[in-house]
Amino acid sequence: MLRRKVAVVTRSTSGAGLGIACRFAAAGADLAINGFDETTAAEILRQEISDTYGVRVVFCPADVSEPYGAARLIGDATSMLGRVDILVNYAGTRLDAAVHEFPTEQWHATIANNLTAVFLTTRAVLPQMFERNWGRIINVASVSGLVATANRAAYVASTHGVIGFTKCVALEIAPSGITCNAICPSLSPASRLREQRTSRFVASKRLDLVEEGAVLLEEGCPALALPGDWLGDLAKFLCSDAGAHLNGVALPVDGGFPLDEYGFRDRL
């Protein structure tokens, strides 16, 4: 489906970012994976993806939260793979704390990692997409970009910002063959964040871990899948001809996860 396309996925050497990258590789896209440091492990991972899916894969170490790193990522991917057709911005750092206790440096770090990085990579890649009159930009935000949650001001503000930024970009690129959309996942069963929060929830209810799945279903959280599946497959759809008519949308991928007054999310 994506053969002869080139995809860049930020923060993609582990977790859901890696899952998204592998989904693109499985669909035939050449791939630039991204992480902070150039290591032997990253090279092994790069080779493994290439061998498994039969596509070109390069590793581009860069911190996309700062201008040089974002420009370097897009520049290196373009020079090594010829162009960038698809950009997936995947990132998410968070600290839970009340506003009056929130460290200023952590606020700036959260905004830089979750929001500024999206702006910087998008700014860097758009000129070449305009030249070809085709491109796909997919920003992975969060359901926290659609609702508010106490004690997560920086994370909620940054993910709301990603959605607002996505809509602004969509308006600017509307006459072209480029689209910009946001995906808003809920908690991932494979993420360390969900593992920590679920453990706290289970402990608070004095449950053993065997009961975890039943509890989540009972509390209204059905149909959660692995992040590489539910994010990667939706991202692929947005890159397809069928997805070409979606622009500037924020798509919740939450398995029916409640966002209502019951506040189940706040208890995890």
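Our structure's up above, just so we're on the same page.
To start, this report covers the structure provided alongside it. None of these values were measured; they are calculated from a predicted model. (Residues numbered from 1 in each chain as written. Predicted model: local features only at pLDDT ≥ 70, side-chain atom pairs only at ≥ 80, totals over all residues. Heavy atoms only, no water.)

1. A closer look at helix α1 (residues 15–26)
Right, so step 1: Taking 1.5 Å per residue, 12 residues should reach 16 Å; α1 reaches 17 Å between its end C-alpha atoms and fits that length.
Right, so step 2: Across the 12 residues that make up α1, a large majority, 9, are buried.
Right, so step 3: Those residues of α1 lying buried are A16, G17, L18, G19, I20, A21, C22, F24 and A25.
Right, so step 4: Looking one or two residues past α1, G28 carries a phi angle of roughly 100°, positive in sign. (Helix = DSSP H or I, 4+ residues; strand = E, 2+ residues; numbered from the N terminus. Expected span 1.5 Å × (residues − 1). Buried < 20%, exposed > 50% of the residue type's maximum accessible area, 1.4 Å probe, protein only.)

2. Topic: the packing of aromatic side chains
Right, so step 1: Overall, the coordinates contain 2 aromatic pairs when judged by the stated rule.
Right, so step 2: Relative to W107, the ring of F102 lies with its centre 6.4 Å away and its plane at 85°, an arrangement referred to as edge-to-face.
Right, so step 3: Residue F102 is classed as buried on the basis of its relative accessible area of 12%.
Right, so step 4: A relative accessible area of 36% places W107 in the partly exposed class.
Right, so step 5: Positioned above the aromatic ring of W134, the side-chain terminus of K5 is 3.8 Å from the ring centre.
Right, so step 6: In this structure, R94 packs its charged tip against the face of Y155, placed 5.6 Å from the ring centre. (Phe/Tyr/Trp six-rings, centres within 6.5 Å; stacked < 30°, edge-to-face > 60°. Lys NZ or Arg CZ within 6 Å of the ring centre and 35° of its normal.)

3. Looking at the packing of helix α4 (residues 104–132) against helix α5 (residues 153–173)
Right, so step 1: With their axes 8 Å apart at the nearest point, α4 and α5 run at an angle of 15° to one another. Here α4 is positioned roughly parallel relative to α5, judged by the angle of their axes. Note on packing geometry: the crossing formed by α4 with α5 is right-handed. Contacts between α4 and α5 involve W107, T110, I111, N114, L115, V118, F119, T122, L126 and F130 from the first element and A153, A154, Y155, A157, S158, G161, V162, F165, V169 and I173 from the second.
Right, so step 2: For the contact of α4 with α5, the per-class residue count stands at 15 nonpolar, 5 polar and no charged. (Axes fitted to C-alpha atoms, helices over the stretch in contact; angles between N-to-C directions. Parallel < 35°, antiparallel > 145°, perpendicular 65-115°, else oblique. Left-handed = near helix turned anticlockwise from the far one by under 90°. Contact = heavy atoms within 4.5 Å. Nonpolar A, V, L, I, M, F, W, Y, C, P; charged D, E, K, R; others polar.)

4. Digging into the sheet that holds strand β4 (residues 86–90)
Hydrogen bonds along the backbone pair up the strands of a sheet, which may run parallel or antiparallel.
Right, so step 1: Spatially, 7 strands are ordered β3-β2-β1-β4-β5-β6-β7 in an open sheet, and the strand pairing comes out parallel. The strands lining the two open edges of the sheet, one partner per strand, are β3 (57–61) and β7 (250–253). Strand-to-strand twist of the sheet, defined as the mean angle between neighbouring strand axes without regard to direction, takes the value 20°.
Right, so step 2: Alignment of β4 against strand β5 (residues 135–140), held across 5 bridges, turns out to be parallel. Each residue of the ladder has a partner; that of V88, found in β5, is I138.
Right, so step 3: Its contacts with the sheet place helix α2 (residues 40–53) against β2 (30–35) and β3, and it is angled at close to 155° to β3. (Pairing = 2+ DSSP bridges.)

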